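So the chains spell out like this:
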Amino acid sequence: MRICVSIATDVVDNLKVQASRAFDLGADFVEFRFDFFPPEQVMAAADAVEDIKNKAVFTLRSKEQGGRFAAGEEERMKLLRKLAERRPMLIDVELDTLQRNDNLADYLELASIPTLVSWHDFDKTPPKDQLASLLTEMRIYSNYVKVVTMAKSIDDSLQMLELYENATGLHPIIFAMGEAGVLTRVLCTMYGAPFTYAALETAVAPGQLTVKQMRKLYDGFRIGRQ
C-alpha cells in the first residue's frame, strides 16, 4: 500500500525540503506539481529534484484540467517534452493532451518515457460504461492510467472501485474526489492501484487526506491482519 505525496509549491528551494518531509512521514513517492511555477522557472525546479526523480511523478497540469500552468499550450508542450527528457519515474500527461498532440505522444512512445495517462472529471462521476470506454482509449498510450472523478455519493465511489474490473493488463490509479470519495483514496491500492495520492499538510484536491493520516490508516490495516 504505497503513497505518493503531491508537492505543490511555487518556491524552488522548498521542493527538496517538502519532499524530504514527505518521505520522513511515510511517503513512497512524490508528485511534483510543476504547474505551480511560472513557466520560466519550471526547468530550474526540475534541476532541483534531479536526484530524486526516480521516485517522482512530474506533472504540468493545464488550467482546464484543474492545474495552474499560466502560459499557453504551445509553451506547455515544450516544457512537457523537456520534463519527459529528464526521465522521471512517471510523467503525468492528460489523455486529451495526448490526443491533440501526436508529436508529443509519438515522442513519449518512441523514447520509452514512462507515462501516466490521466483524466479528470471535477463535476461528477460518469456512468461506468463511459469510464470503461475511456480506459480503452487510455491504454493506447500507456499501461499506467489515472482516472479521477467527483463522487457525489457512496454509490459513485463504489462504481469507481468496480472500474478496476475493466483495467486488466493496466497499472490503474482510479479513485474519486470529494468527501464521498475518501474511501476510494484509501482502498484503491487494495484494488490494484500501484499507489494512492496524499497531501503533505494541505490538500491540493477535494477529499485528499494527508500522508500522516493515510499512513496511520494503512498501518492500522496491517495490524488488523496480524
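I will try to describe carefully the structure that is included in this document. Remember, predicted model here, so these are calculated numbers, not experimental data.

### Some points on the side chain of Asp92
Phase 1 of the analysis: Considering the arrangement of structural elements, one finds Asp92 in strand S4 (residues 90-94).
Phase 2 of the analysis: According to the relative accessible area criterion, Asp92 is buried, its value standing at 1%.
Phase 3 of the analysis: A distance of 2.9 Å separates polar atoms of two side chains, one belonging to Asp92 and the other to Arg61.
Phase 4 of the analysis: Discounting residues that sit within four places of it in the chain, Asp92 has contacts with Glu31, Val57, Phe58, Thr59, Arg61, Leu80, Leu116, Ser118 and Lys146.

### What about the sheet that holds S4?
Phase 1 of the analysis: The 8 strands are arranged S7-S6-S5-S4-S3-S2-S1-S8 in an open sheet whose pairing can be described as parallel. Strands with a single pairing partner mark the edges of an open sheet, and in this sheet they are strand S7 (171-177) and strand S8 (196-199). Across the sheet, the axes of successive neighbouring strands diverge by a mean angle of 25°, strand direction being ignored.
Phase 2 of the analysis: Strand direction decides the pairing type here: strand S5 (residues 115-121) and strand S6 (residues 144-150), joined by 6 bridges, are parallel. Its bridge partner lying in S6, Asp121 is registered against Thr149.
Phase 3 of the analysis: Running at roughly 150° to strand S2 (residues 29-33), helix H1 (residues 12-24) makes contact with strand S1 (3-7) and S2 of the sheet.

### Let's talk about the pairing of S8
Phase 1 of the analysis: Of the two faces of S8, the one holding Thr196 and Ala198 and the one holding Tyr197 and Ala199 are both buried throughout.
Phase 2 of the analysis: Note that S1 and S8 share 4 bridges and pair parallel. Note on S8: the bridge partner recorded for Val5 is Ala198.

### Re the pairing of S2
Phase 1 of the analysis: Within S2, 5 of the 5 residues are buried, which leaves the element mostly enclosed by the surrounding structure.
Phase 2 of the analysis: Side chains Phe29, Glu31 and Arg33 of S2 all project onto a buried face; the interleaved residues Val30 and Phe32 project onto the opposite face, where all are buried too.
Phase 3 of the analysis: Bridge count between S1 and S2: 4 bridges; the pairing is parallel. The residue of S2 that forms the bridge with Ile7 is Phe32.
Phase 4 of the analysis: Tracing the backbone out of S1, into H1 and back to the parallel element S2 gives a crossover that is right-handed.
Phase 5 of the analysis: Alignment of S2 against strand S3 (residues 56-59), held across 4 bridges, turns out to be parallel. When the bridges of S3 are listed, Glu31 appears paired with Val57.
Phase 6 of the analysis: Note that the unit made of S2, helix H2 (residues 42-48) and S3 has a crossover that is right-handed.

### A look at the layout of surface pockets
Phase 1 of the analysis: Here the largest pocket is characterised by a volume of approximately 250 Å³.
Phase 2 of the analysis: Looking at the largest pocket, it is lined by 20 residues, and the ones nearest its centre are Arg33, His120, Lys146, Val204 and Ala205.
Phase 3 of the analysis: For the lining of the largest pocket, the secondary structure elements donating two or more residues are S2, S6 and S7.
Phase 4 of the analysis: Classifying every residue of the lining of the largest pocket gives 9 nonpolar, 5 polar and 6 charged.
Phase 5 of the analysis: Taken as a whole, the second largest pocket spans an internal volume of roughly 160 Å³.
Phase 6 of the analysis: Lining the second largest pocket, in full, are Ser6, Ile7, Ala8, Gln18, Leu200, Glu201, Thr202, Ala203 and Val204.
Phase 7 of the analysis: Residues belonging to the lining of the second largest pocket are distributed by class as follows: 5 nonpolar, 3 polar and 1 charged.

What counts, and at which threshold
- Residues numbered from 1 in each chain as written.
- Predicted model: local features only at pLDDT ≥ 70, side-chain atom pairs only at ≥ 80, totals over all residues.
- Heavy atoms only, no water.
- Helix = DSSP H or I, 4+ residues; strand = E, 2+ residues; numbered from the N terminus.
- Buried < 20%, exposed > 50% of the residue type's maximum accessible area, 1.4 Å probe, protein only.
- Polar contact = N/O pair within 3.5 Å; in protein donor to acceptor, adjacent residues only side chain to side chain.
- Contact = heavy atoms within 4.5 Å.
- Pairing = 2+ DSSP bridges.
- Axes fitted to C-alpha atoms, helices over the stretch in contact; angles between N-to-C directions.
- Right-handed = clockwise from strand over helix to strand, strands pointing away.
- 1 Å grid on protein atoms, 1.4 Å probe; cavity = no way out; pocket = protein on both sides within 12 Å on 5 of 7 lines; lining within 4 Å.
- Points joined across faces, edges and corners; volume = space filled by probe spheres on them.
- Nonpolar A, V, L, I, M, F, W, Y, C, P; charged D, E, K, R; others polar.

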